[in-house]
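Report on the structure
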Amino acid sequence: MQEVKIQVISEKDQASFVQFCAERGIIHDSEAILAIVEREVEDQIRWELKKIDEPKLGAVFVDFVSGAMAHRRKFGGGRGEAVAKAIGVKKGELPTVIDATAGLGRDAFVLASIGCQVRLVERHPVVRLLLENGLERAYLDTEIGLWMQENMQLLNVNHIADLDPEIDFADAVYLDPMYPHKAKSALVKKEMRVFQHLVGADLDADTLLAPALNLAKKRVVVKRPDYAEFLAQQKPQFSRETKNHRFDIYSTAI
Ligand SMILES: C[S@@+](CC[C@H](N)C(=O)[O-])C[C@H]1O[C@@H](n2cnc3c(N)ncnc32)[C@H](O)[C@@H]1O
C-alpha cells in the first residue's frame, strides 16, 4: 500500500478518522501543508482536500450530483464529448470501459452518464478516498443514484496489472496519468493545483500501456498534453487532437 503523510482533520470524530485513514495508508502529520478534512454537509459526510497555506485555493472534493460535473452532464456535449468519441462511442455502441487512472472521476463520469459501464482504478490513497466518498454520495442521489451504481464502480486494486485479462477485460481501457507540467502551470485551475501538489507526476506511467493492451478487447485510449511524447514511446494507430490535448488510440481488435 502506498503511504502518504498529510494532516488528517475531522469536524466530527478526530480519533476515529485518524484511525480510519491510517488503515488506508494516510498517516496524520500535523506539519503537512495538505489536509484531508472530514465534514458534515447537508446531512452527508464529505471528505475534502485542502492546502492549508493557500486557503484561497478552496477545497477539492468529488461531487457528481451538483456543481461543475452535473452542469457538464446536463449541458455538455454528451456523446459528442471528445473523450466519448475517443473511447469509441457511436450510434448503438456503448463500450465497456476500464479507467485505469481514475483521479477525481471526471472523464469516467462523462462516459458513465452517456451509458457506458465504467470500472475505475485509482492507486493514490487520498484520491481514492475522495473518489469513494463522491461515489457514495452519488449512489444515494434520487436522480442519478441508480445508473451511477450500475455504471461507475471503483475496483479494489491499485494497478490494472493486478486485473486478470481472462475475467476483467473491457472494450476500452482509458489512461490519463499525470504528466510533468510545464513551467506555465500557474494557469492551471486553482482546484487542479491542489490536486497536482498531492499526486505529483506519474513517472511510472509507461508501465500502464502493456497491461492496458492485454485488457482491452477493442482499444486503449491515452490522454496526453499536446506537447507530450507517446506513452512508452509506442506509436498509436491514430490520434485525435483537441484544443489542449491529444487522445492516442491503440487498436487491439485485430
Ligand atoms: C490526471 S489524473 C486523472 C484524471 C481523471 N481522468 C479525471 O477525469 O478526473 C491521474 C490519476 O491517475 C492515478 N494513477 C497514476 N498512475 C496510476 C496507476 N499506475 N494505477 C492507478 N492509478 C494511477 C493518479 O494517482 C491520479 O489520481
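Just above sits the structure.
Quick summary incoming for the structure in this document. As the structure is a prediction and not an experimental result, all values here were calculated from the model.

1. Comments concerning the side chain of D107
- Structurally, D107 is set in helix 4 (residues 106–114).
- What makes D107 buried here is its relative accessible area of 12%.
- Of note is the side chain of D107, whose polar atom sits 2.9 Å from the side chain of Y174.
- Side-chain polar atoms of D107 contact the side chain of K223, separated by 3.3 Å.
- With near-sequence residues (within four places) excluded, D107 lies in contact with R72, V83, Y174, D176 and K223.

2. Description of the pairing of strand 3 (residues 34–41)
- Burial runs high along strand 3: six of the eight residues are buried.
- Of the strand pairs in this sheet, strand 3 and strand 4 (residues 44–51) are connected by eight bridges, and their pairing is antiparallel. Counted as the bridge partner of E38 is W47 from strand 4.
- Between strand 3 and strand 4, which pair antiparallel in sequence order, lie two residues; one of them, E42, sits at a positive phi of approximately 45°.

3. Quick word on unusual backbone geometry
- We note that D43 has phi near 65°; this positive angle belongs to a residue other than glycine.
- By the element assignment, D43 lies in the loop between strand 3 and strand 4.
- One non-glycine residue, Q233, lies in the positive phi region at around 55°.
- The residue Q233 is located in the loop between strand 9 (216–225) and strand 10 (238–241) in this model.

4. So, the side chain of R119
- In this fold, R119 is placed in strand 6 (residues 118–120).
- No salt bridge forms around the buried R119; measuring N to O, its nearest opposite-charge neighbour D168 is 4.7 Å away.
- Of the polar contacts made by the side chain of R119, one reaches the backbone oxygen of D168; its length is 3.5 Å.
- When sequence neighbours within four positions are dropped, the list of residues in contact with R119 reads V97, I98, D99, Q153, L155, D168, F169 and A170.

5. Quick word on the sheet that holds strand 10
- The strand order 7-6-5-8-9-11-10 describes an open sheet built from seven strands, whose pairing is mixed. On the outer flanks of this sheet lie strand 7 (152–154) and strand 10, each paired with one strand and no other. Here the average twist between neighbouring strands, direction ignored, is 20°.
- Each of strand 5 (97–99), strand 6, strand 7, strand 8 (170–175) and strand 9 is contacted by helix 4, which is oriented at about 160° to strand 6, the strand it contacts most.
- Across the sheet, helix 5 (residues 125–139) is in contact with strand 6 and strand 7; its angle to strand 7 comes to roughly 140°.

6. As for the environment of E143
- Relative to the helices and strands, E143 is located in the loop between helix 5 and helix 6 (145–151).
- Sequence-wise, E143 and E191 are 48 residues apart; in three dimensions their C-alpha atoms are separated by 26 Å.
- Discounting residues that sit within four places of it in the chain, E143 has contacts with R73 and K74.
- For E143, the side chain forms a polar contact with the side chain of R73, separated by 3.3 Å.

7. Digging into the site of the ligand
- As a structural note, the neighbourhood of the ligand is formed by 20 residues, with T101, D107, E122, D176 and D202 the closest of them.
- The backbone of G105 places a nitrogen or oxygen atom 3.3 Å from an oxygen atom of the ligand.
- In isolation the ligand exposes 600 Å². Once the protein is present, 94% of that is buried.
- Elements with a contribution of two residues or more to the shell around the ligand: helix 4 and helix 7 (190–199).
- Considered class by class, the residues forming the shell around the ligand number eight nonpolar, six polar and six charged.

Definitions and limits used
Within each chain, residue numbers correspond to sequence positions counted from 1 in written order. This being a predicted model, a pLDDT of at least 70 is required before a residue's local features are given, and a value of 80 or more before pairs of side-chain atoms are given or counted; all residues contribute to the totals for chains, interfaces and linings. Neither water nor hydrogens contribute to the side-chain values; these are computed over all heavy atoms in the structure. Secondary structure elements follow DSSP: runs of H or I of four or more residues count as helices, runs of E of two or more count as strands, with numbering from the N terminus. Buried, partly exposed and exposed residues are distinguished by accessible area as a fraction of the type maximum, computed with a 1.4 Å probe on protein chains only: under 20%, between the cut-offs, and over 50%, respectively. Each polar contact in these results corresponds to two N or O atoms within 3.5 Å; when the atoms are within protein, one needs to be able to donate a hydrogen and the other to accept it, and residues that are neighboring in sequence are counted only if both atoms are side-chain atoms. Throughout, a contact is declared for two residues whenever any of their heavy atoms are within 4.5 Å. Note on pairing: DSSP must find at least two bridges between two strands before they are called paired. Within this scheme the basic residues Lys and Arg register as positive and the acidic residues Asp and Glu register as negative, but His and the chain ends are omitted. A side-chain nitrogen of Lys or Arg and a carboxyl oxygen of Asp or Glu constitute a salt bridge if their distance falls within 4 Å. Geometry is summarised by axes, namely lines fitted to C-alpha atoms with helices restricted to the contacting stretch, and by angles between N-to-C directions that run from 0 to 180 degrees. The nearness test applies per residue and asks whether one of its heavy atoms lies within 4 Å of the molecule or strand. Using a 1.4 Å probe, the Shrake-Rupley method yields the accessible areas, and only the shown protein chains count as cover for residues. Classification convention: Asp, Glu, Lys, Arg as charged; Ala, Val, Leu, Ile, Met, Phe, Trp, Tyr, Cys, Pro as nonpolar; all other residues, Gly among them, as polar.

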